[in-house]
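# Structural overview
Residues per chain are reported as follows:
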Amino acid sequence: MSKHTVGIWLYQNGGGDSIQRKLVEQLRERDINAITGLDLAQAMAHNGSIMCNGVVMEDLDLFYTYNAGQQTDYQVYLYEMLDRFIPIINNFHAFALTEDKFKTSHLLQRQGINTPEYCLCRHNNLDALRASMSDWGGRAVYKPTNGWGGTGIVRLENENALNMLQPFINQLSVQHFFVERYVNNDHTDYRIDIVDGNFVGCYGRKAPKDDWKTNITSGGSVITREANDEVIALAQKAAEITGLEIAGVDLIYDQEREEYVVLEVNGIPAFATPEQETFGLDFNDLKIEKIVDLIERKVTVKHLIGVPELTENAQLAGHPEHAI
């Protein structure tokens, strides 16, 4: 009988089914049983237990959730509650933090990490935004604080562009407005994958011709890219500060200031697809190995001390209960 049992919810498209099989096999080799398909969309809470597909989730030694495309508010709601009772990868506090672009940038800047300068204010306070844009040379990027895949991002070429954007903002339910300085770059980026503080892979994305967004959902394409020591160290520090056990850190090179800038820190960075593996993205096996190492360490610690592991990252991020 296995010493430990963990739950898994991992995306199945784009090679995710193969990744899951390898994870389960390697966990089994370490005497860890894995129950797959634990989609919290199918769960319900009743009399002190969260039940999902016949499994009492609080009885698991750990829950590994890794599915960005199908995450709903209901699942996140249960995710947050479950995080108080068992280790979850990624821990909910770090996940929720990095889902918000302003909160992530604010924390990183407070810890000395380069991110684009930004301004967050009430949605009707355009004077503050104009002042910021003036300081930045008149160009900025509007971003929803909780969007992904490039959705809703708009480049503002001058201060007058705010007037055109205001009717759109007024229709939104959010009460704040977030803009960043537009960073002059070559319209490519770096995605650095970090697992448990370890560098596991790097690739880049390139914006389509006559565009500037590198996001794949916005038409960008994946390119091979070698990571240097500087971007690796920057990505490792960003992951550590946010508290993510698994992170995908997006960076660009500021051509004007000649420095690397962290754009985002992602809590669910995808594995390379089979197609991407054929042209050189070969980090999947190392990433799986490091994730299995991480799971084994966390369930062992939980078994030894009986409570989720407390880390410095959790304290740094202001989460007093636990980080996993």
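Presented here is an overview of the structure given in this document.

Parameters and conventions
- Residues numbered from 1 in each chain as written.
- Predicted model: local features only at pLDDT ≥ 70, side-chain atom pairs only at ≥ 80, totals over all residues.
- Heavy atoms only, no water.
- Helix = DSSP H or I, 4+ residues; strand = E, 2+ residues; numbered from the N terminus.
- Buried < 20%, exposed > 50% of the residue type's maximum accessible area, 1.4 Å probe, protein only.
- Pairing = 2+ DSSP bridges.
- Right-handed = clockwise from strand over helix to strand, strands pointing away.

As a further point, take unusual backbone geometry. Looking along the chain, the bond that leaves I89 and enters N90 is cis, with omega of -5°. Even without being a glycine, N53 presents a positive backbone phi close to 50°. Along the chain, the position of N53 falls in the loop between β4 (49-52) and β5 (55-56). Positive phi is not limited to glycine here, since E258 has a value of about 55°. Its location among the elements puts E258 in the loop between β15 (246-254) and β16 (259-266).

Let us now look at the pairing of strand β1 (residues 4-10). Side-chain direction in a regular strand flips from residue to residue, so the side chains alternate between the two faces of the sheet. A large share of β1 lies buried, amounting to 6 of its 7 residues. For β1 and strand β2 (residues 32-35), the ladder comprises 4 bridges, and the chain directions are parallel. Residue pairing for β2: V6 is matched across the bridge by A34. Assessed by its sense of winding, the connection that carries the chain from β1 through helix α1 (residues 16-29) to β2 is right-handed. Pairing between β1 and strand β6 (residues 62-66): 5 bridges, direction parallel. Within β6, the position partnered with L10 by the bridge is Y66.

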